[in-house]
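Observations on the three-dimensional arrangement
If you want the building blocks of each chain, they are given just below.
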Amino acid sequence: MTEIYIAGKDLRGSIRSRFFIGVAIFVPLLVTALFFFAFGGRVRETGKGPGTAPVRTVVVNEDEGSLRLGRAVVNLLTGPQLREVMYSTEVADTGLARFALSRRRADVAVIIPAGFSAALTDSASRAEVVLLSDPVKTIGPAIVQAVMQRLLDGFSGSKILLNTYRSAAGSGDKSAERLRRTRRGSVPASADDRQAIARLMQQYQVMAQSGAASLSVRAPGGGEDVSAMFRRMMASIFAGLMVFFAFYTGAYTALSLVREHEDGTLARLFTTPVGRGRILGGKMLSVVATVTVQATVLVVASTLLFGLRWGETGSSLLALAGTVVASSGFGVMLASFIKTTRQGGPVLGGGLSVAGMLGGLFTQAVPNMPAAFNRIALALPQGWVIRGWNLAIAGRPAPDMLLSFGVMLAWGVVCFAVGTMVFRRRFA
Amino acid sequence: MARILAITAKDLKQILLDRRSAIFLVLMPVVFTAFLGLAFRWPTHGDPRPLVGVSDLDSTDLSGLVAAQLETGGLVRVEKLYRGAAKVADDLVKRGRFDLLLVVPAGYSQGAAAGPLPEAVCDRSEPQAQAALLAVEAVAARLALSARIGQLVAGAVGAKATDLAVAAGAGWQEPALSVRRETFGPAPAKRQEVANGFEQSSPGILVQFAIFGVMTAALLLVLERRSRTLSRMLAAPVTRAQVISGHVLAMFTVTFLQGLLLVVLGQFAFKVDYARSPAGVLVVLAALSLWVASLGLFIGVVAKTQEQVSMLSLIAMFLFAAGGGAWFPLEITGRVFSFIGHLLPSAWAMDGFQNVVLRGLPFGSALAPALIITGYAALFFAVAVWRFRAE
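Residues numbered from 1 in each chain as written. Chains lettered and ligands numbered in written order. Predicted model: local features only at pLDDT ≥ 70, side-chain atom pairs only at ≥ 80, totals over all residues. Heavy atoms only, no water.

1. A short note on the overall build of chain B
Scanning chain B from N- to C-terminus turns up 15 helices and five strands. For 391 residues, the compact-globule estimate of 2.2 N^0.38 gives 21 Å, and chain B exceeds it by more than 25% at 29 Å. Here the C-alpha coordinates of chain B stretch approximately 105 × 40 × 35 Å along the principal axes. Taken over 391 residues, chain B has a buried fraction of 53%. Once local pairs closer than 6 in sequence are excluded, the contacts in chain B between residues at least 24 apart make up 76%. As displayed, chain B has an accessible area near 16,700 Å², and 63% of this comes from carbon and sulfur atoms. The distance from the centre of the 34 positive side-chain charges to the centre of the 26 negative ones in chain B is 14 Å. (Helix = DSSP H or I, 4+ residues; strand = E, 2+ residues; numbered from the N terminus. Rg over C-alpha atoms; globule rule 2.2 N^0.38 Å. Buried < 20%, exposed > 50% of the residue type's maximum accessible area, 1.4 Å probe, protein only. Contact = heavy atoms within 4.5 Å. Areas by Shrake-Rupley, 256 points an atom, 1.4 Å probe, with all protein chains shown as cover. Lys, Arg positive; Asp, Glu negative; His and termini not counted. Charge placed at Lys NZ, Arg CZ, Asp CG, Glu CD.)

Rendered as structure tokens:
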């Protein structure tokens, strides 16, 4: 009962501390809110994922062909259809386009070359549209490239249609010379031919503009909509923050022993009829209680505020329990080696930050982490805790969590034992 | 001036003689820069392109073009799979065996224009899968066009549509129109073939830890106030302006030296080309240090305890680092966030450094960001001084 009383008193003190509320609760929620806001917040159900700003593009048309296809492309790019994706303006020449890029007024410049129209009319010609992009940007230029490729393929398809028709229509005369002339486009077209070609081109244009799908895409395992994928990503990021601050809270709460020792209140506590063992036990219990409250509040708050999902109930409870045990034990052990509160700053701030980084807490959003880093992470309790949360978030059932939970438990128990032993010796 | 320098020297001595400074100001930023740079670009000898598995259930000439055109496109690595792979597609992708698995269904050639579509199985939240999907979508669209062309021409000449579709498909080997992407900017003298991950992490960590380092200096101000040293100082023949200037100069010096150390380390250890425009880098660094010093003064004036200093410094670091693009490029964020982020001084600092390091622009490109950051420094300084006087 004494232990519970001591733990309760310390817990009340923590909850009333603005610093604790700020660092343990507010900061992780603030950072998650930043990420949430940054990557789309309430994801619009467009199937395209979180909205990003349109890519600022400048377009240069150097095409002189009679078909004025370059002008058609410019009109398409600067028109309203692509405004959601690209915000394009036309400039007079390449020099102005480069100037716009250097002044950061545009992220991508599209240069339509001089022989653009001719590439479609002359069978031997080819033309290459050049995209100049800001080296800092990666996504925007990739989007513009994909849009341009689709657009140009539509035009290239008309030439392929023409060549295919010519090859097929002239296939009665299979002489090598005719085939060569067909490919060069120098076989004179009869009136019927011209009519057939005109009809085919018209049909092709209708078909090309129909926008029919050519590929179906689905996620593995039954399909997750974009909103669910986004929340899964956010849950991983938040789990990393939560684990980091849980370890910080565990160590900071355990540091109260050092603070009380410095203030002299611990010595006064030890003069009471309550045994030192029970006092230390109460302090250890307060660490567990504080981390439990913090982790629970964070999980509940993130679910309510951001709609994050933590997987099956059994899995998330195991992950939560493992987090509490591992972070409390580690915190007690860390605090037991700290002699003064002045040392606490670098150890808690610096040491836990480095341990968190090596444990993979800050790189949850980094794709394809090297295998070496993943192995390093598993040498630390933080690595196992975040592994447990990642399994829970991925929807794995509780039995799949048992290994991770077991390791978290082992870390916590061993660290508790070491920390308690060191504290007992110190205050013997 | 001598009094200002005396206060500055006192602060610097306190900071530099404290072992904690070595940890927060030097060790942590170096370790974070190295870790994140390696995490983003671990040296590999393998092919970094996404891996696409293709399971062809149609086994015709047209369906065979799918894998062939993916291979010749060069954007992805292609592995042709046995027919049964289609049944375990989900598992193969979930296990990470493939970034994307493409199943070409039976009957694809017969009804390619309006029949069963090829199916791409991938996790779109993964960047490699997104890159693979772009390549696969382009090939699928081209072959769908080829199939339709085959149908149209077959209608006109009476030949077999699938044969014509294959002939049309071959036409994509050298399309009439293509796109080539180039990076704008002067060719870097020592740029590596593969993008250096440290070019992203080094400026970002520099900005982040410059802001975090403010804690060390702000703590001094709080400790001075709590121990009544500040009151005694003000009772001495030294003006408030001199006291404030001394503290700000100390904070500026610490931040500038820390930034300089990280720039030198980035240049020589991590091959980040800061030397492309040393004057540009120094101007941005000086402006950043000035802003951070005024931020530190503000925190030191507002906070009452050491714990408040820690918390406010942490919040400032998160807000300005994340919001300003030090953690992730603002280009990938939502429109509103991107707009707000670009209002922050940290975003301008990132711009200044990236203009030199990544864009290879000359000294002039660093001036505008530096001036804007200096404006923010003046604003924070004015608010801090007003608050200091009020107290």
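Once you've had a look at it, read on.
2. Concerning the sheet that holds strand 3 (residues 108-112) of chain A
Read from one edge of the open sheet, five strands run 2(A)-1(A)-3(A)-4(A)-5(B), paired in mixed fashion. Lying at the two open borders of the sheet, with one neighbouring strand each, are strand 2 (86-91) of chain A together with strand 5 (177-183) of chain B. Neighbour-to-neighbour, the strand axes of the sheet open up by a mean angle of 25°, direction not taken into account. Taken together, the six bridges between strand 1 (residues 55-61) of chain A and strand 2 of chain A define a ladder with parallel strand orientation. Among the inter-strand pairings, Arg56(A) is bridged to a residue of strand 2 of chain A, identified as Tyr87(A). Here helix 3 (residues 69-78) of chain A sits on the sheet and contacts strand 1, strand 2 and strand 3 of chain A; the angle it forms with strand 2 of chain A, its principal contact strand, is near 140°. (Pairing = 2+ DSSP bridges. Axes fitted to C-alpha atoms, helices over the stretch in contact; angles between N-to-C directions.)

3. Looking at the interface of chain B and chain A
Contacts between chain B and chain A engage 83 residues on the former and 98 residues on the latter. Three residues stand out in chain B for area buried against chain A, namely Leu177(B), Arg181(B) and Phe184(B), and they jointly supply 10% of the buried area on that side. Note that Arg218(A) and Glu119(B) form a salt bridge whose closest N and O atoms lie 3.2 Å from each other. The interface formed by chain B and chain A contains 19 residue pairs in polar contact (both at pLDDT 80 or more). If one sorts the elements of the side of chain B that touches chain A by residue count, helix 5 (residues 127-157) of chain B sits on top with 17 residues. A breakdown of the residues in the side of chain B that touches chain A according to their chemical character gives 53 nonpolar, 10 polar and 20 charged. Here three bridges tie strand 5 (residues 216-218) of chain A to strand 4 (residues 119-122) of chain B, and the two strands are oriented parallel to one another. When the bridges of strand 4 of chain B are listed, Ser216(A) appears paired with Glu119(B). (Buried area = accessible area lost by both parts, 1.4 Å probe. Salt bridge = Lys/Arg side-chain N within 4 Å of Asp/Glu carboxyl O. Polar contact = N/O pair within 3.5 Å; in protein donor to acceptor, adjacent residues only side chain to side chain. Nonpolar A, V, L, I, M, F, W, Y, C, P; charged D, E, K, R; others polar.)

4. Some thoughts on the sheet that holds strand 3 (residues 100-104) of chain B
Strand order in the open sheet formed by five strands is 5(A)-4(B)-3(B)-1(B)-2(B), and the pairing between neighbours is mixed. Each of the sheet's edge strands pairs with one partner strand only, and the pair in question is strand 5 of chain A together with strand 2 (77-81) of chain B. Between one strand axis and the next, the sheet turns through 20° on average, direction left out of account. In the packing of helix 5 of chain B onto the sheet, contacts are made with strand 5 of chain A together with strand 1 (51-56), strand 3 and strand 4 of chain B, and the angle to strand 3 of chain B comes to roughly 30°.

5. A look at the environment of Pro29(B)
Residue and element names in this part refer to chain B. Tracing the chain through its elements places proline 29 in helix 2 (residues 19-40). For proline 29, a relative accessible area of 0% translates into the label buried. The spacing of proline 29 and aspartate 18 is 11 residues in sequence and 17 Å in space, taken between C-alpha atoms. Among residues more than four places away in sequence, those in contact with proline 29 are Ile23, Phe24, Ile205, Phe209, Gln258 and Leu262.

6. Remarks on unusual backbone geometry
Residues and elements named next belong to chain B. Look at serine 59: it is not a glycine, yet its phi comes out positive at around 50°. Mapped onto the elements of the fold, serine 59 is located in the loop between strand 1 and helix 3 (61-73). Relative accessible area serves as the criterion here: at 51%, serine 59 is assigned to the exposed category. In this model, lysine 271 sits at a positive phi of 60°, which is unusual for a non-glycine residue. Summarising the element assignment, lysine 271 is placed in the loop between helix 10 (240-268) and helix 11 (278-302).

7. A word on the packing of aromatic side chains
The tally for this structure, following the rule as stated, stands at 17 aromatic pairs over all chains. Ring plane angle 10° and centroid distance 6.2 Å describe the contact between Tyr248(A) and Tyr252(A), whose orientation is recorded as stacked. Of this pair, Tyr248(A) and Tyr252(A) both sit in helix 9 (residues 226-254), four residues apart, which is roughly one turn of that helix. Under the relative-accessibility criterion, Tyr248(A) is labelled buried at 16%. Judged by relative accessible area, Tyr252(A) falls into the buried class, the value being 16%. Ring geometry for Phe209(B) versus Phe212(B): centroids 6.2 Å apart, planes at 90°, classification edge-to-face. Highlighted residues: Phe209(B) and Phe212(B), both in helix 7 (residues 198-212), separated by three residues, approximately one helical turn. By the burial criterion, Phe209(B) is buried, and Phe212(B) matches it. (Phe/Tyr/Trp six-rings, centres within 6.5 Å; stacked < 30°, edge-to-face > 60°.)

8. Looking at helix 14 (residues 345-357) of chain B
All names here are of chain B. Taking 1.5 Å per residue as the helical rise, helix 14 with its 13 residues ought to reach 18 Å, and the 18 Å between its terminal C-alpha atoms agrees with that figure. Burial of helix 14 is extensive: 12 of the 13 residues sit out of reach of the surface. Of the residues making up helix 14, those classed as buried are Pro345, Ser346, Ala347, Ala349, Met350, Asp351, Gly352, Phe353, Gln354, Asn355, Val356 and Val357. The inward-facing, buried residues of helix 14 abut helix 7, helix 11, helix 12 (306-323), helix 13 (335-341) and helix 15 (364-390). (Expected span 1.5 Å × (residues − 1).)

9. Looking at the confidence of the model for chain A
All names here are of chain A. Per-residue confidence for chain A averages 82 on the pLDDT scale, and 89% of its residues sit at or above 70. Per-element mean pLDDT across chain A ranges from 50 in helix 7 (residues 176-184) up to 95 in strand 3. Counting interchain partners and residues more than four positions distant, the pLDDT-below-50 stretch residues 41-50 has 20 contacts. Long-range and interchain partners of residues 172-176, a stretch whose pLDDT sits below 50, account for two contacts in this model, where long-range means more than four residues apart. (pLDDT = per-residue confidence, 0-100.)

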